[in-house]
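Single-letter residue listing:
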Amino acid sequence: MTGATAASARLERRTSAIVALCRAGLDADALRSGVLSRLRTIVPVDAAFFATVDPMTLLFTSAVAEDPLGTATPLFLENEFGRPDVNKFTALARARHPVSSLDLATGGNRAASPRYREVMAPLGLGDELRAALMVGDHCWGVLCLHRQDSPTGFSTDELRLIDRLAPHLAEGLRQALGSAARGTRGPSPSADSPAPGIVVLDSDYTVVSMSPEAEQWLSDLPDDLWPGASELPVPVHAVAARLTAAEQRSWDCAPPSAVRLRGRSGRWLSMHATRLQDPTGPRIGIVIQAVPPAELGSLLLSAQGLTQAQIRVAALILKGRSTHEIVAELHISGNTVQEHLTAIFDKVGVRSRRELVAAVLADNTHPS
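Calculation rules
- Residues numbered from 1 in each chain as written.
- Predicted model: local features only at pLDDT ≥ 70, side-chain atom pairs only at ≥ 80, totals over all residues.
- Heavy atoms only, no water.
- Helix = DSSP H or I, 4+ residues; strand = E, 2+ residues; numbered from the N terminus.
- Buried < 20%, exposed > 50% of the residue type's maximum accessible area, 1.4 Å probe, protein only.
- 1 Å grid on protein atoms, 1.4 Å probe; cavity = no way out; pocket = protein on both sides within 12 Å on 5 of 7 lines; lining within 4 Å.
- Points joined across faces, edges and corners; volume = space filled by probe spheres on them.
- Salt bridge = Lys/Arg side-chain N within 4 Å of Asp/Glu carboxyl O.

Student: I would appreciate a short explanation of the environment of H272 in the present structure.
Tutor: Residue placement: H272 occurs in strand β9 (residues 268-276). Residue classification places H272 among the partly exposed positions, given a relative accessible area of 41%. In this structure, the C-alpha to C-alpha distance between H272 and I286, residues 14 residues apart in sequence, is 5.5 Å.

The structure is reproduced here in structure tokens:
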């Protein structure tokens, strides 16, 4: 075996090991840790950012940000949601190939990117490889790999490798959320969850005030969402930055300034940013509350791998609609409804409508 053949075989083995890891049913934290350690054996990486996202809004729900990225989290969020730049995750999620590098996007002129000039270069970082991790039309996470600042960036072969791995990484994250959902018998929102709370921010995202209920909700956030004692939790900063960006750009169809995530307790919470009127100056309110059961059901159904058509049928089942009502509301035949039901039951692992409701709603909103 020649040296080139041996190297090719070694690369294939290590790539296959990452794919196998994505199929191992790991939780998101274990998956990210295992992937990054194995990925470094085939792609030189000096720092990585690996996050799960809310598939509805692409806002981060949990993240691994290696040094020196963690210290610059607010700057990265400001760039991601607040100003034009290349390779935005939202743009990659819509692209035919959701993987690109800074050098590729700028034609090798890194200084054309505000993110490079204002965030990466001061950290001593150069080329950046970004990937939106897609399963069908849904994005379940994002990956960002960095190299130290030097003329050499990520190669075409490395881009192709990440492009090959990206769907498997996405599927692993989707399965992680689905497994967590099936295994969670969380506290009842009505009985055990805090009442809705609010965090008030000024124009530079400094906390002006916070209700006791908001403090309770924030205390349940995973530790990896806090970039530092003096900084906002990542989801709070992200929804505030999204709201500001939408206002500045006057978007007619602005993406929602909201995110849904699961706390350490197993509760699902949502954060929604809204503009507040205050005579002392601009204010942003972040409303934090339990995710409504129907909205949570839609998220968890997506995590089970249902198609959009199947999700529409399942959502109506969760609302108690009969087959006749579903036919009338969706303008499909009874046979089509039954075909969707068969596929839904198979994917969720249930045998009846009652079991579906219990699996998607009761097991995630009622105490054990």
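Student: Would you mind showing me how to read the layout of surface pockets here?
Tutor: A volume near 540 Å³ is recorded for the largest pocket. Together, 26 residues line the largest pocket, and A28, T52, S62, L177 and R262 are the ones closest to its centre. Of all the secondary structure elements, the ones that give two or more residues to the lining of the largest pocket are α2 (28-39), β1 (47-53), β2 (60-65), α7 (156-183) and β8 (258-262). Examining the composition of the lining of the largest pocket, we find that 4 residues originate from one element, α7, more than from any other.

Student: Can you help me understand the pattern of salt bridges in this one?
Tutor: Enumeration according to the criterion identifies 18 salt bridges in this entry. Across the salt bridge formed by R130 and E80, the nearest N and O atoms sit 2.8 Å from each other. With R130 in strand β4 (residues 125-135) and E80 in helix α3 (residues 73-82), this residue pair connects regions lying 50 residues apart in the sequence. As far as burial versus exposure is concerned, R130 and E80 are alike and both buried. Note that R267 and D220 form a salt bridge whose closest N and O atoms lie 3.9 Å from each other. With R267 in the loop between β8 and β9 and D220 in the loop between α8 (212-219) and α9 (234-249), this pair connects stretches of sequence that are 47 residues apart. Taking the relative accessible area as the measure of exposure, R267 reaches 18% and is therefore buried. Residue classification places D220 among the buried positions, given a relative accessible area of 8%. Beyond isolated ion pairs, a larger network of salt bridges with shared partners links E80, D85, R115, E128 and R130.

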